[in-house]
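Geometric and topological summary
One letter stands for each residue in the lines below.
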Amino acid sequence: MVEQRHVPTQTGMRRALHRAEQGVALDLAEAEVLLQARGDDLTALSTVAARLRDAGLEQAGRPGIITYSRKVFIPLTRLCRDRCGYCTFVTIPGKLRREGHGMYLSPDEVLDIARKGAALGCKEALFTLGDRPEDRWPEAREWLDAHGYDDTLAYVRAMAVRVLEETGLLPHLNPGVLTWTDFQRLKPVAPSMGMMLETTATRLWSEPGGPHYGSPDKEPAVRLRVLEDAGRSNVPFTTGLLIGIGETYAERADALFAIRRVQRQYQGIQEIIIQNFRAKPDTAMRRAADADLDELAATIATARLILGPAARIQAPPNLVGEQYAQMINAGIDDWGGVSPLTPDHVNPERPWPHIEELAARTADLGFTLRERLTIYPEFVKRGEPWLDPRLVPHVRALVDPATGLADEDAVVEGRPWQEPEAVLSANGRTDLHTAIDTEGRTGDRRGDFDAVYGDWEELRETVRRGSGSGGGKDGGKFEGAPIRLDGEVRAALSVAADDPTRLTDDQALALFDTAQHATPEHAAALDELCRIADQLRRATVGEEVTFLVTRNINFTNVCYTGCRFCAFAQRRTDADAYTLSLDQVADRAQQAWDVGATEVCMQGGIHPDLPGTAYFDIARAVKERVPGMHVHAFSPMEIANGATRTGMSIRDWLTAARDAGLDTIPGTAAEILDDEVRWVLTKGKLPAAAWVEIVETAHSLGVRSSSTMMYGHVDEPRHWVGHLRLLAEMQRRNLERGHAGFTEFVTLPFIHTNAPVYLAGIARPGPTLAENRAVTAMARLLLHPLIPNIQTSWVKLGPDGAAEMLRSGANDLGGTLMEETISRMAGSSYGSYKSVHEIKEIAAAAGRPTRQRGTTYGDVPAERVATGERFDGHLPELLPVLEN
């Protein structure tokens, strides 16, 4: 059923076909025309699409091969919180009871299906279920509680592990809408996942009578976000269209272009299913017309032209009637999952064809049918970060290493799934903490620069479609920054001086504007802004400049998260990659203690082999060696990683980390707490909401944190205002709840030199001196009186720049560091350490006294102060290179 709003003319059809034949990229209007090709026009369209498909197969190294996956279908639960008008899969608790079924399949039922499938040579276990049924059905919630699962996804994860360990089948998970955090939870137990986009026609969801009305998980924007989060999480993902549910041809074309956009940006969509609607009895759409097979073929062919030769396009073979040839000729290269055991529970009236028949039908067209795994060959060959190390043995046991397809003679049997043990062994360039200052980094970028961060050109287009910020290597001021009227600035300065808590967002933007224009008037206004902030600093925390004797320990730089601003992360095979052993971490903590340190700050890359419990081991190793050392460690991203890898809740994981020795956490991984900016800066780091959840959970447990903002890349002053307002609101909630919360706010100017997003020509070259002054001053004003300590970074700004920030509202210089690799890898030229004497010199340049502090700004024992003073100026010599 298609709502047809525009019938193409024959001239329009000829023109679109001609452009397709010439290999010209189609636009949305031309795609809409081609979706309506029938008869000879459809034959011509299919010929072009088939030619493109064949070229893609040739390029992939498997010419003439059409694939399928031999699977079993595991309907884990048929309950769902959605109410789709065409679905017969979903049912209600009462009906399940009457039929003698539980709310979920039991573990024995799951394993019975999987074992029978393994005995028949199946290699995929397709988990299909309704979206979050516990949100709608009390019976589902009761079942989960009775069986010890927090939610449906926890049960999915547990059953996926059981299937891996007891049968050897590879899980493919279709649990519906997933968040970024959900992907982190499930990625270690499934080589691939999926969710049909179905359509981008919002009206089919929002308007009464639409097929998706009353179904919260069918909002197109939500489903597109799932596709994006799958790509950000490096999860091989299956998606597709359900055609004929009331969408127009234009809306169908729009959905194909939306899939293409996501694929270009993240390269994570492994296959696209084009599925035709078929009306089913006992559904709201039972009288709707089926999507006919010509319509299906035209959609397949148009999808091929839009998505290109590398796309893997599938049509379910049980829904094409006898028209196998038509679908192959239209450009498919995959028949999807076919089961010799279980029915298609979504389309139960349509049995799977026998695999032998499917092979014969495929051979009739000159193609060979070959079995693949649930994870496509391209992703098997990519390896990290697309395949979790815990799944590598399971996939390796079933794959033909030469092709990446299934080894059809492989023995399907269970293999252990478990967290890796003791991976923190020394390897790689473990002297990088000292060599970065003497020898430098090996190259200006990692070896997979063109792949790990997604598609750079699509990212540039995203930035162009957005706010116009950025500017690449020739960047600088924000494009189109308004020149504020003198009266606006004067009024805002007056409010700031009188009571900064009364500043509106517009007034805050007017004050930030003083740094955006090189006029004498703006310079004078910026000076006045900084003077007001400095006066507020004096009234709030006094004259003392505080600092900390600390050591940074970055225990690994192996990471595949794909942060585009980060020059620290390396592949495990890169020349600058390293991982420290637990003994090396403890040795460095001991060295730091011996020369007066009171804190170690420990952060690392998201190493794919790192078990979620390794963070506990790191904290414990330091506390066992140096009981008095304050452990300030693990960014919210690392906490999310640890929790999802262990299957623990954030609260339980933080509690365990605290018990192991964690004292406070750094509020890094914040960058800009606005996803509009975050998804340009990073491919796969946690969303802003997840950062907030983790930090607030830590605060509720008494684990305090710093707060940070990295600025001067693709952001704008409106993002700075929003970021600071969010931090202030979080701290306000803390104080209302009796939590100490944030210890300080740290300004982190973007270091551009080796940052991938700068090298790709997207980010500007960091903030100007005027912007650094304005951010420091505005942090003082907008966070007052909630966060009294404002820290500036000598690593990023140098001694002169840091002294200037002390005159602009800052009161803290951070730590001596002893080693610093992250900013130095990015191109900072200000060294990796400062002695106590040098820290005091920075403060003296601003005319201020100093006070050594602890992590939470309390006083430091006299013995620690004396030890630090005694070894002043000799810290680097006391830190030898540690041999492997």
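Residues numbered from 1 in each chain as written. Predicted model: local features only at pLDDT ≥ 70, side-chain atom pairs only at ≥ 80, totals over all residues. Heavy atoms only, no water.

What follows concerns the overall build of the protein. Secondary structure assignment for the protein yields 35 helices and 20 strands. Taken over C-alpha atoms, the radius of gyration comes to 29 Å for the protein, in line with the 29 Å a tight globule of 884 residues would show. Reported as C-alpha extents along the three principal axes, the dimensions of the protein are approximately 85 × 60 × 55 Å. Expressed as a percentage of the 884 residues in the protein, the buried residues total 62%. Summarising the internal contacts of the protein: among those between residues at least 6 apart in sequence, 78% fall at separations of at least 24. With the model as given, the accessible surface of the protein reaches about 31100 Å², and the carbon-plus-sulfur share is 50%. Separation between the mean location of the 98 positive side-chain charges and that of the 123 negative ones in the protein comes to 1 Å. (Helix = DSSP H or I, 4+ residues; strand = E, 2+ residues; numbered from the N terminus. Rg over C-alpha atoms; globule rule 2.2 N^0.38 Å. Buried < 20%, exposed > 50% of the residue type's maximum accessible area, 1.4 Å probe, protein only. Contact = heavy atoms within 4.5 Å. Areas by Shrake-Rupley, 256 points an atom, 1.4 Å probe, with all protein chains shown as cover. Lys, Arg positive; Asp, Glu negative; His and termini not counted. Charge placed at Lys NZ, Arg CZ, Asp CG, Glu CD.)

A separate point is the packing of helix 5 (residues 107-119) against helix 7 (residues 152-166). Angle between the axes and distance between the axes: these two values describe a pair of packed helices. Where helix 5 meets helix 7, the axes come as close as 10 Å, and the angle between the chain directions of the two elements is 40°. By the angle class used here, helix 5 and helix 7 are oblique. Here helix 5 runs over helix 7; the crossing is right-handed. Of the residues in helix 7, those touching helix 5 at Pro107, Val110, Leu111, Ala114 and Arg115 are Tyr155, Met159, Arg162, Val163 and Glu166. Across the contact of helix 5 with helix 7, the residue classes tally to 7 nonpolar, no polar and 3 charged. (Axes fitted to C-alpha atoms, helices over the stretch in contact; angles between N-to-C directions. Parallel < 35°, antiparallel > 145°, perpendicular 65-115°, else oblique. Left-handed = near helix turned anticlockwise from the far one by under 90°. Nonpolar A, V, L, I, M, F, W, Y, C, P; charged D, E, K, R; others polar.)

The next point concerns the nonpolar core. One finds Met602, Phe634 and Trp691 to be the most contacted residues of the largest nonpolar core, which totals 135 residues. Among all residues touching Trp691, those that are not within four sequence positions of it are Pro636, Gly667, Thr668, Ala669, Ala670, Leu673, Leu686, Leu727, Met730 and Phe742. Core analysis: the next-biggest nonpolar cluster, separate from the first, contains 125 residues, Leu129, Leu186, Val189 and Ile332 among them. (Core = buried A, V, L, I, M, F, W, Y, C linked by side-chain atoms within 4.5 Å.)

Turning our eyes to something else, we now look at the side chain of Glu696. Relative to the assigned elements, Glu696 resides in helix 28 (residues 688-700). Reaching out from Glu696, the side chain makes a polar contact with the side chain of Arg733 at a distance of 2.5 Å. For Glu696, the contacting residues outside a window of four places in its chain are Met730, Arg733 and Arg737. (Polar contact = N/O pair within 3.5 Å; in protein donor to acceptor, adjacent residues only side chain to side chain.)

The next thing to look at is the packing of helix 31 (residues 769-782) against helix 32 (residues 794-806). Packing of helix 31 against helix 32 brings their axes to within 10 Å, and their N-to-C directions diverge by 45°. As the angle between them shows, helix 31 and helix 32 are arranged oblique. Viewed along their axes, helix 31 and helix 32 form a crossing whose handedness is right-handed. Of helix 32, the residues touching helix 31 (which contributes Leu769, Asn772, Arg773 and Thr776) are Leu797, Glu804 and Met805.

Next up on the list: the confidence of the model for the protein. Predicted confidence across the protein gives a mean pLDDT of 91, with 91% of residues reaching 70 or more. This stretch, residues 468-480, has a pLDDT under 50; its non-local contacts, to residues over four places away or in other chains, come to 39 contacts. Taken as a whole, residues 873-884 scores under 50 in pLDDT and shows 28 contacts with residues more than four places along the chain or in a different chain. (pLDDT = per-residue confidence, 0-100.)

Turning our eyes to something else, we now look at the layout of surface pockets. One way to see where empty space is left: roll a probe the size of a water molecule over the atoms. When its volume is computed, the second largest pocket comes out at roughly 740 Å³. Forming the boundary of the second largest pocket are 33 residues, of which Leu307, Gly308, Pro309, Ala310 and Ala311 lie nearest the centre. When residues of the lining of the second largest pocket are assigned to their parent elements, the largest contribution, 6 residues, is made by helix 3 (residues 40-60). Within the lining of the second largest pocket, the residues separate by chemical class into 18 nonpolar, 7 polar and 8 charged. (1 Å grid on protein atoms, 1.4 Å probe; cavity = no way out; pocket = protein on both sides within 12 Å on 5 of 7 lines; lining within 4 Å. Points joined across faces, edges and corners; volume = space filled by probe spheres on them.)

Counted by the stated rule, this structure contains 2 cavities of 30 Å³ or more. When its volume is computed, the second largest cavity comes out at roughly 310 Å³. Here the residues of the lining of the second largest cavity sort into 8 nonpolar, 7 polar and 5 charged.

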